[in-house]
Amino acid sequence: MTLDDDPLGPLDPQFADAFVRDMRRPPCQLYLISPLEVGGDFPDRLARALDAGPVAAFQFRVKDMDQHAAAKLAEPLQRICADREVAFIVNDSISLAKRLGADGVHLGQEDGDAREARDVLGPSVQIGVTCHDSRHLAMEAGEAGADYVAFGAFYPTTTKETKHRAEPVVLSWWSTLFELPCVAIGGITPANAAPLVKAGADFLAASGAVWNGDEAAAVKAFAEVLKV
């Protein structure tokens with residue numbers, strides 16, 4: 001689906017040039033997503049990244065792993081986040097989020113409903129939903145009780161296969177009309193992040209841009225962009 005294919009119809013042209021951040025919203029923050037390999041020295045790398053600059057949340061994302069093994073890998077990372085007051089979010093799995101007592105869960109379109117997650121995890125857990133480039137899915141997620149919606153991918157990425165490309169205008173549209181925070185995701189680096197901040201993203205999700213190099217330097221570079 002593209003923006004032009006959205007069931008709600010094409011975006012109003014007035015938003016095409018609306019890439020001006022509403023300064024009434026809180027400043028944009030960094031949201032780190034783990035690489036798929038989180039064993040070995042990754043706990044040390046995570047601590048180094050979180051100590052390098054302000055990070056709002058860390059998403060634990062592993063694939064093709066039983067829950068016991070995933071929980072064992074997650075526990076030291078969760079402690080590192082807790083010590084630094086960084087929200088620990090579990091990707092995809094409501095049951096793993098419950099097992100770990102995580103701060104939140106992030107759901108793809110195939111991973112369950114926000115209402116189900118709320119019933120299982122309770123009122124205080126943060127629930128995020130992937131909405132690709134669709135305003136319709138984002139509004140449905142909000143109505144279902146999500147705490148944030150994620151749009152993307154905005155740029156090419158090798159972190160995961162992407163079938164949807166979003167444009168910054170969707171961030172402008174969302175932040176103009178809704179208080180619910182929005183996350184920009186997909187191929188975001190310090191070099192290309194500024195237009196997304198300007199368009200209205202409340203959070204920038206980053207993975208490869210941080211973990212494929214010097215994580216501390218990358219977080220510091222993002223922090224400079226987020227000051228804009």
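For clarity, every value in this text was computed on a predicted model and none was experimentally measured.

Asks: Could you give an account of the overall build of the protein chain, with specific residues and numbers?
Replies: Helices and strands together make up the secondary structure of the protein chain, namely nine helices and eight strands. Taken across its 228 residues, the protein chain has 52% of its residues classed as buried. Sequence-distant contacts in the protein chain: of pairs separated by 6 or more residues, those separated by 24 or more amount to 60%. Roughly 10900 Å² of accessible area belongs to the protein chain as shown, and the carbon and sulfur atoms make up 52% of that amount.

Asks: So, the pairing of strand β6 (residues 148–152): which residues are in play, and what are the values?
Replies: Most of β6 is tucked away, with five of its five residues classed as buried. Here β6 shows two buried faces, one formed by Tyr 148, Ala 150 and Gly 152 and the other by Val 149 and Phe 151. Sheet topology note: the strand β5 (residues 126–130)/β6 ladder contains three bridges and is parallel. When the sheet's bridge partners are listed, Gly 128 is paired in β6 with Tyr 148. Handedness of the β5-helix α5 (residues 135–143)-β6 crossover: right-handed. Bridge count between β6 and strand β7 (residues 182–185): four bridges; the pairing is parallel.

Asks: Any chance you could break down the packing of α5 against helix α6 (residues 169–177) for me, citing the residues and the numbers?
Replies: The interhelical angle for the contact between α5 and α6, taken along N-to-C directions, is 35°, at an axis separation of 11 Å. Crossing of α5 against α6: the hand is right-handed. Of α6, the residues touching α5 (which contributes Arg 135, Ala 138 and Met 139) are Val 170, Trp 173 and Trp 174. A class-by-class count of the residues in the contact of α5 with α6 yields five nonpolar, no polar and one charged.

Thresholds applied
Residues numbered from 1 in each chain as written. Predicted model: local features only at pLDDT ≥ 70, side-chain atom pairs only at ≥ 80, totals over all residues. Heavy atoms only, no water. Helix = DSSP H or I, 4+ residues; strand = E, 2+ residues; numbered from the N terminus. Buried < 20%, exposed > 50% of the residue type's maximum accessible area, 1.4 Å probe, protein only. Contact = heavy atoms within 4.5 Å. Areas by Shrake-Rupley, 256 points an atom, 1.4 Å probe, with all protein chains shown as cover. Pairing = 2+ DSSP bridges. Right-handed = clockwise from strand over helix to strand, strands pointing away. Axes fitted to C-alpha atoms, helices over the stretch in contact; angles between N-to-C directions. Left-handed = near helix turned anticlockwise from the far one by under 90°. Nonpolar A, V, L, I, M, F, W, Y, C, P; charged D, E, K, R; others polar.

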